[in-house]
Amino acid sequence: MDVIRTAIGLMSGTSMDGIDVALIRTDGRGFIERGPFMGVPYDADFRGQLKRALELSRSLSDRSERPAELRAIELELTLRHAIAVTAFIKRFGLSADAVDILGFHGQTVLHRPDEGLTIQIGDGEELARRSGISVVYDMRANDMVHGGQGAPLVPAYHAALAGKFQQAGQAVCFVNIGGISNLTFIGTDGRISAFDSGPGNTLIDQWVEMQTGKTYDPGGEIGGGGKVVASLAERYLQSPFFRGNVRRSLDRGDFAPLRPEEAGLEDGARTLAHVAAASIIKSAGFLPETPALYIVCGGGRLNLTLMAEFSEMAERLGSRVLTAEEAGFDGDAMEAEAWAYLAVRSLDGLPLTFPGTTGVAAPVSGGVLATP
Ligand SMILES: Nc1ncnc2c1ncn2[C@@H]1O[C@H](COP(=O)(O)OP(=O)(O)OP(=O)(O)O)[C@@H](O)[C@H]1O
Ligand SMILES: CC(=O)N[C@H]1[C@@H]2OC[C@@H](O2)[C@@H](O)[C@@H]1O[C@H](C)C(=O)O
């Protein structure tokens, strides 16, 4: 029988809003028992440091290079993850001994798939030392070595969750609306097709922060009061990213922020919510078939303006749209759970990525193991 392990996944995503911590028990295959979730938001000062880390990384060409200032931020990020793990264990009455493995994403600071370069900061060895728990980290690199895009990696987990829909004869598509959006289509025959679909919340967050100092559009209320500025929306939607049949993974900086003089606050937020929704639909045109059902995860599902636009567009094409919660999942925990699942797969040498997910030549495993 396959070993069932207790794993905690740690995700600091492209929105740079905090650390998601989730526990699952899994055999890294079909058995998944979902446990508690906790979000640990970053303060403004540390978000500023992460933005600085992106700047510092722009000129790097070697993924292990760490100029002193970047290294200091990496250590601070690692320390915050260690504190988050301790707090999680305490809050849910667990003990560190009962946790077999941590799946540590770190923070992506540069992603240039065309150059075979992806850099995540986060020191797995240091996290293992501080937490006293083994850590699997750096799960994107081996995929790139084998010709993959290095992202997205969550699809292996989506596929494992999709069993009940497959049995019901439904082609389903998970949509993650994070800083960047990505899709995982799972056909009724188990066929999997996944890729980044376009800008998610990052453009909205940047716009709202620039104009108001708030870090996002709560509930989509700001955008809800505005109108779509078609010329601005088209500028994004005509990007070469949406053309051609070769899907490419995205870096946070691939779509330029809206400039302050280009729209009023509400119209800008509405336009960018429209862009996020329409990007998903445009990219879904590259799926093997129109999904019967979309399941929406990630913080973008809480932007009701974006969700209303997306639901209307998808329903017009004959698909049903559910939030992760409506489908029986946790839309905030999904990526952290996925990192826990992938860590267990890594321990067993199972593939993390597939030709249909990252474009890798053949299924490959990945990740580096650090022991305390
Ligand atoms: N209540 C809310 N209303 C509107 N938007 C929200 C709300 N809560 C979160 N968000 C949006 O969700 C974002 C965070 O989403 P999430 O945590 O899924 O992204 P991420 O994991 O950092 O990104 P990625 O999936 O690209 O790595 C926030 O930056 C914000 O834009
Ligand atoms: C390089 C990188 O960190 N990419 C992220 C980003 O955020 C969303 C999208 O772009 C996805 O491709 C990926 O994250 C998720 C967790 C993934 O790998 O599945």
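Predicted model only: the values in this text are computed from it and were never measured. (Residues numbered from 1 in each chain as written. Chains lettered and ligands numbered in written order. Predicted model: local features only at pLDDT ≥ 70, side-chain atom pairs only at ≥ 80, totals over all residues. Heavy atoms only, no water.)

Helices and strands together make up the secondary structure of the protein, namely 13 helices and 13 strands. A compact globule built from 372 residues would reach a C-alpha radius of gyration of about 21 Å, and the protein, at 19 Å, matches this within 12%. Over its C-alpha atoms, taken along the principal directions, the protein stretches across nearly 55 × 50 × 40 Å. Split into buried and exposed, the 372 residues of the protein put 56% on the buried side. In the protein, once contacts between residues fewer than 6 apart in sequence are set aside, the share between residues at least 24 apart is 70%. As displayed, the protein has an accessible area near 14,600 Å², and 51% of this comes from carbon and sulfur atoms. (Helix = DSSP H or I, 4+ residues; strand = E, 2+ residues; numbered from the N terminus. Rg over C-alpha atoms; globule rule 2.2 N^0.38 Å. Buried < 20%, exposed > 50% of the residue type's maximum accessible area, 1.4 Å probe, protein only. Contact = heavy atoms within 4.5 Å. Areas by Shrake-Rupley, 256 points an atom, 1.4 Å probe, with all protein chains shown as cover.)

Here we come to the site of ligand 2. Neighbouring ligand 2 are 15 residues; Thr-108, Arg-140, Leu-153, Val-154 and Asp-196 lie closest to it. One of the side-chain nitrogen or oxygen atoms of Thr-108 is found 2.6 Å away from an oxygen atom of ligand 2. Asp-196 is positioned such that a nitrogen or oxygen atom in its side chain is 2.6 Å from an oxygen atom of ligand 2. Relative to its unbound accessible area of 430 Å², ligand 2 is 97% covered by the protein chains. Looking at the shell around ligand 2, the elements with two or more residues in it are strand E5 (107–112), strand E9 (180–186) and helix H12 (334–347). Looking at the shell around ligand 2 residue by residue, the class counts come to seven nonpolar, five polar and three charged. Shared between two domains, the shell around ligand 2 takes at least three residues from each, and those domains are domain 1 (5–148 + 333–370) and domain 2 (170–323). (Near = heavy atom within 4 Å. Polar contact = N/O pair within 3.5 Å; in protein donor to acceptor, adjacent residues only side chain to side chain. Nonpolar A, V, L, I, M, F, W, Y, C, P; charged D, E, K, R; others polar. Domains from an automatic or database assignment.)

Okay, the sheet that holds strand E10 (residues 192–199) next. In space, the five strands of this open sheet follow the order E10-E9-E8-E11-E12, with mixed pairing throughout. The open sheet terminates on both sides in strands that have one partner only, identified here as E10 and strand E12 (320–323). Averaged over all adjacent pairs, the angle separating strand axes in this sheet is 20°, with direction ignored. Relative to E9, strand E8 (residues 172–177) runs antiparallel, the two sharing six bridges. Bridge pairing in E9 places Val-172 opposite Ile-186. Taken strand by strand, helix H11 (residues 304–316) contacts E8, strand E11 (293–297) and E12, and its axis lies near 150° from that of E12. (Pairing = 2+ DSSP bridges. Axes fitted to C-alpha atoms, helices over the stretch in contact; angles between N-to-C directions.)

Turning next to the packing of helix H10 (residues 265–284) against H11. At a minimum axis distance of 8 Å, the contact between H10 and H11 shows a crossing angle of 35°. Here the hand of the crossing between H10 and H11 comes out right-handed. Two secondary-structure elements touch here, H10 through Arg-270, Ala-273, His-274, Ala-276, Ala-277, Ala-278, Ile-280 and Ile-281 and H11 through Thr-305, Leu-306, Glu-309, Phe-310, Met-313 and Ala-314. Looking at the contact of H10 with H11 residue by residue, the class counts come to ten nonpolar, two polar and two charged. (Left-handed = near helix turned anticlockwise from the far one by under 90°.)

All right, on to the UniProt feature "binding site: ATP" (unreviewed entry) in the protein then. UniProt records the feature "binding site: ATP" (unreviewed entry) at Gly-13, Thr-14, Ser-15, Met-16, Asp-17, Gly-18, Ile-19 and Asp-20, using the numbering of this structure. Apart from the residues lying within four places of it in its own chain, the contact partners of Met-16 are Tyr-42, Arg-47, Leu-50, Lys-51, Leu-54, Gln-107 and Arg-252. In this fold, Asp-20 is placed in strand E2 (residues 18–26). Apart from residues lying up to four places away in sequence, Asp-20 is in contact with Gly-9, Leu-10, Met-11, Phe-37, Met-38, Gly-39, Asp-332 and Ala-336. (UniProt positions renumbered as here; feature names shortened; annotations may be inferred.)

Let us look at the site of ligand 1. Taken together, 21 residues surround ligand 1, and among them Thr-14, Asp-205, Gly-219, Gly-299 and Glu-335 come closest. Between Ser-15 and ligand 1, the recorded distance is 2.9 Å, taken from a backbone N or O atom to an oxygen atom. A distance of 2.6 Å is found between an oxygen atom of ligand 1 and a side-chain nitrogen or oxygen belonging to Asp-205. Look at ligand 1: alone it shows 650 Å² of surface, and the protein chains cover 85% of it. In terms of residue class, the shell around ligand 1 is built from five nonpolar, twelve polar and four charged. Looking at the shell around ligand 1, you find at least three residues from each of domain 1 (5–148 + 333–370) and domain 2 (170–323).

Within the element layout of this structure, Asp-123 appears in the loop between strand E6 (117–121) and helix H3 (124–131). A relative accessible area of 13% places Asp-123 in the buried class. Of note is the side chain of Asp-123, whose polar atom sits 2.9 Å from the side chain of Arg-71. A polar contact is formed between the side chain of Asp-123 and the backbone nitrogen of Glu-126, at a distance of 3.0 Å. Beyond its immediate chain neighbours, meaning those up to four positions away, Asp-123 contacts Arg-71, Glu-74, Leu-75, Thr-78 and Phe-104.

Before going further, it helps to examine the pairing of E9. Of all seven residues in E9, seven are buried; the element is thus mostly enclosed. Of the two faces of E9, both are covered, the one formed by Ile-180, Asn-182, Thr-184 and Ile-186 as well as the one formed by Ser-181, Leu-183 and Phe-185. Counted between consecutive antiparallel strands, the loop separating E8 from E9 contains two residues. Where E9 lies against E10, seven bridges are found, and the strand directions are antiparallel. Pairing of Thr-184 across the sheet is with Ala-194, part of E10. If you look at the hairpin formed by E9 and E10, you'll find five residues sitting between the two strands, and Gly-190 has a positive phi there, around 90°.

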